[in-house]
Amino acid sequence: MTASTAALGGAGPTAAAEVEDVEMAAELREPSSDADKREKFIPVTRHALIERLTRSHVWAPGQAAHARRFLRYLSYWRGQSYNKRLLELEQIYEPFSPDSDLLITRRFTGAEKLDMQHRVVNEMADLLRKANYVQVDTSKVEAILTKESHYGLDLEIDLKAFDELLVFYRGATSRKSSKRTLRKLYLFKEEFDVPIFQRLFMLFKLKSVEARVEELMRERNLERAEAEKQVKKLRSILPSEVRSDYIYMKLFKNLPQTDLEMVFPNGKVKFRLFDKLKLGVSAGGGIGMGVVGTATKIAVATNPIALAGAVAGLGGIAARQAVNFMNQRTKYMVTLAQNLYFHAMADNRGVMTLLCDRAAEEDVKEEALLYSVLAKSRVHTSELQHVDEAIEQYLMNSFGVDANFDIYDALKRLK
């Protein structure tokens, strides 16, 4: 057993009696070829980790209580430092908050607001990274929007409508689900894995109408009137209170990865091929038969009232098909609203508060792991990579967690 692995959960007189504190393997595992793909997030609470790291048999006599007290103070201090950061972030976010009910006591110039806008976006991105979220490159967002939706929705997204856009996730995993399938003739449910994001964050700010009109005029060589018409049509999807002056932040939980489109505010519902065929066949058949029947009645009709009734009957068939179309669209919108309701966690300032707490939590866990090694044995800088691997092995052996521990970030904070 290496010094670093022993320092984390070293064998004491009672270690053999505890299954959860099994000794580390003598040989460190080989660095994973997929190390860059593993997340830094450690899905264990700070309390559970500190309790495990400060058990009496892994420290010299009398030192476990001191270590536990130090890590508890560290946790308090981290929380206070992030509270200070949260207060500063709330101050610069106030002019962009869609939920504010406070009086406006200061007017900002265009340059000042633009600077504050960039600060809000950069601060949130940094906070998310500290909370061990992974950023989705916005230039590649369109490429990962899928047509295959877990909830049976197909949405069209206008990504160029955004002035600011951040998408981050944490906990890319899967969960079990089941549904009736054609393979089992819709008689029995079939179980399958659904890839999900345990947490998904989105920040967006819309471009002003004028800026978007100017863009469309340049990109598509349109006249202003036509560009304004297109922008107005696209913006009609959004509620009237959604404005380009605001910065919106959303946090979702357990969202299927194939339904990333659902979290965009300007998603335009598209009919699936199956529904298009179903509606087309029923509409074509109904109207076709109606036309034939009406033409026959008109041909033999001698009474004006009978003629009017035949035409009215055809109109009724057409109206019924239009209602079917609207009902299917409403069904899509209800599905979208219901599923977003159960995936939503927090909005705007609530998101900032939650993320500050999560960032403090991640910092404390990483620092506690590294401190538990450095407080017990001398480590040369050339051995840091071995310590990094030992900590990752400890997480795997103790909790079954395959995380990519960032030792240099934790060391910088401890120093």
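Scroll up a little and you will see the structure.
The notes below deal with the structure included here.

Helices and strands together make up the secondary structure of the protein chain, namely 12 helices and seven strands. Burial status across the protein chain gives 40% buried among its 415 residues. Taking as baseline every contact in the protein chain between residues at least 6 positions apart, the subset at least 24 positions apart corresponds to 79%. Of the roughly 23700 Å² of accessible surface on the protein chain, 56% is carried by carbon and sulfur atoms.

With that settled, the discussion passes to the nonpolar core. In this structure, Met124, Leu127, Phe201, Leu203, Met249 and Leu355 are the most contacted members of the largest nonpolar core, which totals 29 residues. For this core, the secondary structure elements donating two or more residues are helix H3 (64-93), helix H4 (110-130), strand E3 (162-180), strand E4 (189-206), strand E5 (248-256) and helix H10 (349-374). With seven residues, H4 is the largest single contributor of residues to this core. Filtering out sequence-adjacent residues up to four positions away, Met249 remains in contact with Tyr93, Met124, Phe201, Met202, Leu203, Ala346, Asp347, Asn348, Val351 and Met352. If you look at the next biggest cluster of nonpolar residues, it comprises 24 residues, including Leu384, Leu395, Ile407 and Leu411.

On to the side chain of Asp158, then. Turning to its location among the elements, Asp158 is positioned in the loop between strand E2 (154-156) and E3. Polar side-chain contacts of Asp158 include one of 3.5 Å to the side chain of Arg212.

Two numbers describe how H4 lies on H10: the axes approach to 8 Å, and their chain directions differ by 40°. One way to sum up the angle between H4 and H10 is to call them oblique. The crossing of H4 and H10 is left-handed. For the pair H4 and H10, contact is made by Met124, Leu127, Leu128 and Lys130 and by Met352, Leu355, Cys356, Ala359, Glu362 and Asp363, respectively. Here the residues of the contact of H4 with H10 sort into seven nonpolar, no polar and three charged.

Among the structural elements, Lys365 can be located in helix H10. We classify Lys365 as buried; its relative accessible area is 2%.

Pairs may arise between side chains of opposite charge once their charged atoms sit close together. Inspection of the entire model under this criterion finds 29 salt bridges. Arg358 serves as the salt-bridge partner of Asp357, at 2.4 Å between the closest nitrogen and oxygen. By relative accessible area, which is 34% here, Asp357 ends up partly exposed. We note a salt bridge from Arg413 to Asp363, for which the minimum N-O separation is 3.5 Å. One end of the pair, Arg413, is in helix H12 (residues 407-414); the other, Asp363, is in helix H10, and 50 residues separate them in sequence. The residues Arg413 and Asp363 share a single accessibility class, namely buried.

Looking now at unusual backbone geometry. One non-glycine residue, Asn254, lies in the positive phi region at around 50°. For Asn254, the location among the structural elements is in strand E5.

What follows deals with the packing of aromatic side chains. The full count for this structure, using the stated rule, is seven aromatic pairs. With a centroid separation of 4.4 Å and 35° between ring planes, the pair formed by Phe70 and Tyr371 is classed as tilted. One end of the pair, Phe70, is in helix H3; the other, Tyr371, is in helix H10, and 301 residues separate them in sequence. The class of Phe70 is partly exposed, set by a relative accessible area of 32%. With relative accessibility at 23%, the residue Tyr371 sits in the partly exposed group. Between Phe162 and Phe264, the aromatic rings sit 6.1 Å apart at their centres with planes inclined by 50°, giving tilted as the arrangement. In this pair, Phe162 sits in strand E3 while Phe264 sits in the loop between E5 and strand E6 (268-270), placing the two residues 102 residues apart along the sequence. This pair shows no difference in class: Phe162 is buried, exactly as Phe264 is. Through a chain of ring-to-ring contacts, three or more aromatic side chains come together here, namely Phe162, Phe204, Tyr246, Tyr248 and Phe264. Over the aromatic face of Phe41 sits the side chain of Arg170, whose NZ or CZ is 3.8 Å from the ring centroid.

Calculation rules
Residues numbered from 1 in each chain as written. Predicted model: local features only at pLDDT ≥ 70, side-chain atom pairs only at ≥ 80, totals over all residues. Heavy atoms only, no water. Helix = DSSP H or I, 4+ residues; strand = E, 2+ residues; numbered from the N terminus. Buried < 20%, exposed > 50% of the residue type's maximum accessible area, 1.4 Å probe, protein only. Contact = heavy atoms within 4.5 Å. Areas by Shrake-Rupley, 256 points an atom, 1.4 Å probe, with all protein chains shown as cover. Core = buried A, V, L, I, M, F, W, Y, C linked by side-chain atoms within 4.5 Å. Polar contact = N/O pair within 3.5 Å; in protein donor to acceptor, adjacent residues only side chain to side chain. Axes fitted to C-alpha atoms, helices over the stretch in contact; angles between N-to-C directions. Parallel < 35°, antiparallel > 145°, perpendicular 65-115°, else oblique. Left-handed = near helix turned anticlockwise from the far one by under 90°. Nonpolar A, V, L, I, M, F, W, Y, C, P; charged D, E, K, R; others polar. Salt bridge = Lys/Arg side-chain N within 4 Å of Asp/Glu carboxyl O. Phe/Tyr/Trp six-rings, centres within 6.5 Å; stacked < 30°, edge-to-face > 60°. Lys NZ or Arg CZ within 6 Å of the ring centre and 35° of its normal.

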